[in-house]
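Coordinates in review
Now for the letters of each chain:
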Amino acid sequence: MTAPTRRDLICAAGAVLAFPKPSLAQGKPKVVVVGGGFGGASAARALLAGGLDVTLVEANATYTACPFSNEVIAGLQPMEAQRFGYDGVSGSGVRVVHAVAAAIDADRRRVTLADGATLPYDRLVLSPGIDLRFDAIPGYDEAAAEVMPHAWKAGVQTELLRRRIEAMPEGGTVVLSVPGNPYRCPPGPYERASLIAHVLKTRKPSAKLIVLDAKDVFSKQRLFEAAWASLYPSILEYVPLAGGGQVTGVDRATMTVRTDFSEYKADVACIIPPQRAGRIAVTAGVADRSGWCPIDPVTFESRLVPGIHVIGDAAIAGAMPKSAFSADAQAQVCALAVIDLLAGRAPEEPKLINTCYSLVAPGYGISIAGVYRPSGGVLADVEGAGGISPLDAPASLREQEAAYAADWYRTITRRVFG
Amino acid sequence: MRGIGAAFLLLAAVPAAARDLSPKAAQDMPAAAAQDMRPPPGASSCAGCHAAGAAMGAIAGRPEAEIATALAEYRSGARPASVMGRIAKGFSEAESRAIAAYVSRRPPE
């Protein structure tokens, strides 16, 4: 007697375990993707390529990308370079619905839109990104964000911060506050600090930038600190948690930023508050008490609600940082898993990569990379891989990494939105 | 009964070559059959950077041996690199060969 093949076993398992029945009456299995950022748009296209019926729900007609928005703030990149429409996604065959996803009925497997329309699904992928927590820092609410921009969701906030820095008087003070972990784009605040310092150095050399951090250790730290010491020694002052960097309150009327030890009077304040998974994740019940979404590291299926997968910034992805590169890599792996699950197959254990570039000045790029695999129920670093750019690299490597950063942005946005 | 029918119908919708491919099996596949193969672990992340017109270079459709050699040299450190040395160290020789086989059989852009 020959042993059953893997396929036989999976067919049998599919029949016995009663995978939720795909809506075969309407043809292909249906997948709804909510959120049209790097994760959602990438997942939608990969699911479509796998032969599924895919609907992408996205509130906005235009996506405004966060990577490189620090360059916009520093006047190094036009805002238009951040904006992407969905013609490429819909042209590929994905049904794009511009609407707000208002509710999710996980038992009946359907998404209700704000206008009351419903979308049935066999599997749902949520890529909702982040919501900013306006309850976390006393005084920092949505009204305060109009005066002290977070610019942590790209768009009008990005332009607001750029204009405020441009309009700041000579000798003014910029205060930038950085949250504790976890948050979107771990090295992003330090890239922002670097590029604001670059603007001050080149256009307002008597101005100061104070960075107040709610932690002591951060991404690419040694590279940033080395660059700051050499490029911006008299401009950028970094205050870690241990030095009293945690912001305990703000006053938008007086442009004051408070810590336990000091009060900082700002001419321009950029307050990046703590964050949580986008609202629909909470509505769907896939966010836990941390505000983020626990997932299976092989399939990205929610640990809390079956049939719903969560990718991108909203997911608790273990060692993987919340980045656009990660969201896209997770989208590809999640799409394969969804295709497998809908076909009754067991998904293969994945490996994922993240690469993330930061600019500390024009033509001066640094990077961090990592390789990840499921281990002990979470995505863990593959030991011996990954790490940051060398500390003692020549200027040519910094220049090369700055060029790679720009080319990465062109490549990923063209593939995901083009 | 309906459950069994659904399972078979769904399997039929997937190209035969895409089913049940381990990286090891992928290495032994003839090129034609590999056209529809699924990416081995890690391979779906490559397109995050590699595309025509980018300084990182397009890799889809490049010769398998060339990609396998590059990954091996990045892994050993023999080939200078910015990020590829750090990434290649995260993959075994067999995983790297599977990625090379997959990428080389992707249609060039």
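Everything that follows concerns the structure shown earlier in this document.
My aim in this report is to walk through the structure given alongside it, one point at a time. Note that this is a predicted model, so its numbers are computed, not measured.

1. Things to note about the overall build of chain A
- Within chain A one finds 11 helices and 25 strands.
- Residues counted as buried form 58% of the 418 residues belonging to chain A.
- Long-range contacts, defined as pairs at least 24 residues apart, comprise 65% of the intrachain contacts of chain A with a sequence gap of at least 6.
- Split by element, the accessible area of chain A, about 16000 Å² in all, is 53% carbon and sulfur.

2. Some points on empty space enclosed by the protein
- Evaluation of the coordinates by the stated rule reveals 2 cavities of 30 Å³ or more.
- Put simply, the largest cavity is a space of about 150 Å³.
- Taken together, 16 residues make up the lining of the largest cavity; nearest its centre are Val333(A), Leu336(A), Glu348(A), Pro350(A) and Pro39(B).
- In the lining of the largest cavity, the residues fall into 9 nonpolar, 2 polar and 5 charged.
- The volume enclosed by the second largest cavity comes to roughly 40 Å³.
- Every residue lining the second largest cavity is listed: Gly312(A), Asp313(A), Ala315(A), Ala317(A), Met320(A), Pro321(A), Lys322(A), Ser323(A), Ser326(A), Ala327(A) and Gln330(A).
- With 3 residues, helix 10 (residues 324-342) of chain A is the largest single contributor of residues to the lining of the second largest cavity.

3. Focus: unusual backbone geometry
All names here are of chain A.
- In this chain, Asn181 is followed by Pro182 through a cis amide linkage whose omega measures -5 degrees.
- Position of Pro182 among the secondary structure elements: in the loop between strand 11 (173-178) and helix 7 (188-203).
- Of note, Ala151 is a non-glycine position whose phi angle comes to about 50 degrees, a positive value.
- Within the element layout of this structure, Ala151 appears in the loop between helix 5 (142-145) and helix 6 (156-167).
- Positive phi is not limited to glycine here, since Cys185 has a value of about 60 degrees.

4. Some points on the pattern of salt bridges
Residue and element names in this part refer to chain A.
- Under the definition given, this model contains 22 salt bridges over all chains.
- The partner of Asp135 in a salt bridge is Arg276, and the shortest N-O contact between them spans 3.9 Å. Of this pair, Asp135 sits in the loop between strand 10 (130-132) and helix 5 while Arg276 sits in strand 18 (residues 275-277), placing them 141 residues apart in sequence.
- For Asp135, a relative accessible area of 53% translates into the label exposed.
- The closest approach of N and O atoms between Arg184 and Asp313, which form a salt bridge, is 2.5 Å. Of the two residues, Arg184 is situated in the loop between strand 11 and helix 7 and Asp313 in the loop between strand 20 (308-310) and strand 21 (315-316); the sequence distance between them amounts to 129 residues.
- Take Arg184: its relative accessible area is 14%, and that puts it in the buried class.

Rules used throughout
- Residues numbered from 1 in each chain as written.
- Chains lettered and ligands numbered in written order.
- Predicted model: local features only at pLDDT ≥ 70, side-chain atom pairs only at ≥ 80, totals over all residues.
- Heavy atoms only, no water.
- Helix = DSSP H or I, 4+ residues; strand = E, 2+ residues; numbered from the N terminus.
- Buried < 20%, exposed > 50% of the residue type's maximum accessible area, 1.4 Å probe, protein only.
- Contact = heavy atoms within 4.5 Å.
- Areas by Shrake-Rupley, 256 points an atom, 1.4 Å probe, with all protein chains shown as cover.
- 1 Å grid on protein atoms, 1.4 Å probe; cavity = no way out; pocket = protein on both sides within 12 Å on 5 of 7 lines; lining within 4 Å.
- Points joined across faces, edges and corners; volume = space filled by probe spheres on them.
- Nonpolar A, V, L, I, M, F, W, Y, C, P; charged D, E, K, R; others polar.
- Salt bridge = Lys/Arg side-chain N within 4 Å of Asp/Glu carboxyl O.

What is shown is where atoms sit, not what they do.
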